[in-house]
Amino acid sequence: MPDDLFKALADPTRRKILDELTERNGQTLFEICARLTTKHGLGSSRQAISQHLAVLEGAGLIRTRRQGRFKFHDLTTEPLERIVTRWLSPHAPEDTP
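Note that this is a predicted model, so its numbers are computed, not measured.

Trainee: Looking at this structure, how should I read the packing of aromatic side chains?
Mentor: Aromatic rings in a pair are described by how distant their centres are and how their planes are angled relative to each other. A complete count under the given rule lists two aromatic pairs for this structure. Plain terms: the ring middles of F6 and W87 are 6.2 Å apart, the flat faces sit at 50° to each other, and that makes the pair tilted. Here F6, found in helix α1 (residues 3-10), pairs with W87, found in helix α5 (residues 78-88); they are 81 residues apart in sequence, far enough to count as distant. A ring pair is formed by F70 and F72, whose centres lie 6.3 Å apart and whose planes are at 45°; its orientation type is tilted.

Right, here's the structure in full:
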């Protein structure tokens, strides 16, 4: 199980980003920044949120797709499902060593 996943989940801003993508998947960087500011009072720069998104993508928790000049961010739950399987079904074989 990659440590990147736990590192990504350890940060409260990244967890808020995941919450926002759970509520409304497929958002642009601008939309994510706006929602974090209005709903959570976070005044992070777009560059800082972009770096958080890169960490989440590196951990496999989000995927990006381009449509024209826009880049959309989509939540992917497979890494979380592997954690649940590992600890809630301990007799199931692990995918990774």
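Okay, back to it.
Trainee: Teacher, can you tell me more about the environment of S44 here?
Mentor: As for its placement among the helices and strands, S44 is situated in the loop between α3 (29-40) and α4 (46-58). Relative accessible area serves as the criterion here: at 32%, S44 is assigned to the partly exposed category. Distance from S44 to C33, taken between C-alpha atoms, is 7.7 Å for residues eleven residues apart in sequence.

Trainee: I would appreciate a short explanation of the nonpolar core in the present structure.
Mentor: In globular proteins that are soluble, nonpolar side chains generally tend to be buried together. Counting residues in hydrophobic clusters, the biggest one holds 16 residues, and the most contacted among them are I17, I32, I49, L56 and L61. At the level of secondary structure, the elements contributing two or more residues to this core comprise α1, α2 (12-23), α3 and α4. When residues no more than four places from it in sequence are discounted, the contact partners of I32 are I17, L21, Q27, I49, L53 and H73.

Trainee: So what exactly am I meant to see when it comes to α2 here?
Mentor: An α-helix turns once every 3.6 residues. As a result, residues three or four positions apart point the same way. With twelve residues, α2 extends 17 Å from end C-alpha to end C-alpha; this agrees with the ideal 16 Å at 1.5 Å per step. Among all positions in α2, only T13, R14, I17, L18, E20 and L21 are buried. Taken around the axis of α2, the buried residues stretch over an arc of 160°, which confines them to a single face. In α2, those exposed residues whose orientation departs by more than 90 degrees from the buried face are T22 and E23.

Trainee: Looking at this model, I keep getting lost on the layout of surface pockets. Mind explaining?
Mentor: Gaps left between atoms are located by rolling a probe of water-molecule size over the structure's atoms. In this structure, the largest pocket encloses a volume near 220 Å³. Around the largest pocket, the lining residues are T28, L29, F30, R46, S50, L53, A54, E57, T64, K71 and H73. The leading source of residues in the lining of the largest pocket is α4, at five residues. Its residues placed into classes, the lining of the largest pocket shows four nonpolar, four polar and three charged.

Trainee: What is the right way to read the packing of α2 against α4 from this model?
Mentor: Packed helix pairs are specified by the crossing angle of their axes together with the interaxial distance, meaning the distance between the axes. Between α2 and α4, the least distance of the axes is 10 Å, while the angle of their chain directions is 80°. With respect to each other, α2 and α4 are oriented roughly perpendicular. Mapping the contact onto sequence places T13, R14, I17 and L18 in α2 and I49, H52, L53, V55 and L56 in α4. Along the lines of polarity and charge, the residues of the contact of α2 with α4 split into six nonpolar, two polar and one charged.

Scoring rules and cut-offs
Residues numbered from 1 in each chain as written. Predicted model: local features only at pLDDT ≥ 70, side-chain atom pairs only at ≥ 80, totals over all residues. Heavy atoms only, no water. Phe/Tyr/Trp six-rings, centres within 6.5 Å; stacked < 30°, edge-to-face > 60°. Helix = DSSP H or I, 4+ residues; strand = E, 2+ residues; numbered from the N terminus. Buried < 20%, exposed > 50% of the residue type's maximum accessible area, 1.4 Å probe, protein only. Core = buried A, V, L, I, M, F, W, Y, C linked by side-chain atoms within 4.5 Å. Contact = heavy atoms within 4.5 Å. Expected span 1.5 Å × (residues − 1). Arc of directions from axis to C-beta. 1 Å grid on protein atoms, 1.4 Å probe; cavity = no way out; pocket = protein on both sides within 12 Å on 5 of 7 lines; lining within 4 Å. Points joined across faces, edges and corners; volume = space filled by probe spheres on them. Nonpolar A, V, L, I, M, F, W, Y, C, P; charged D, E, K, R; others polar. Axes fitted to C-alpha atoms, helices over the stretch in contact; angles between N-to-C directions. Parallel < 35°, antiparallel > 145°, perpendicular 65-115°, else oblique.

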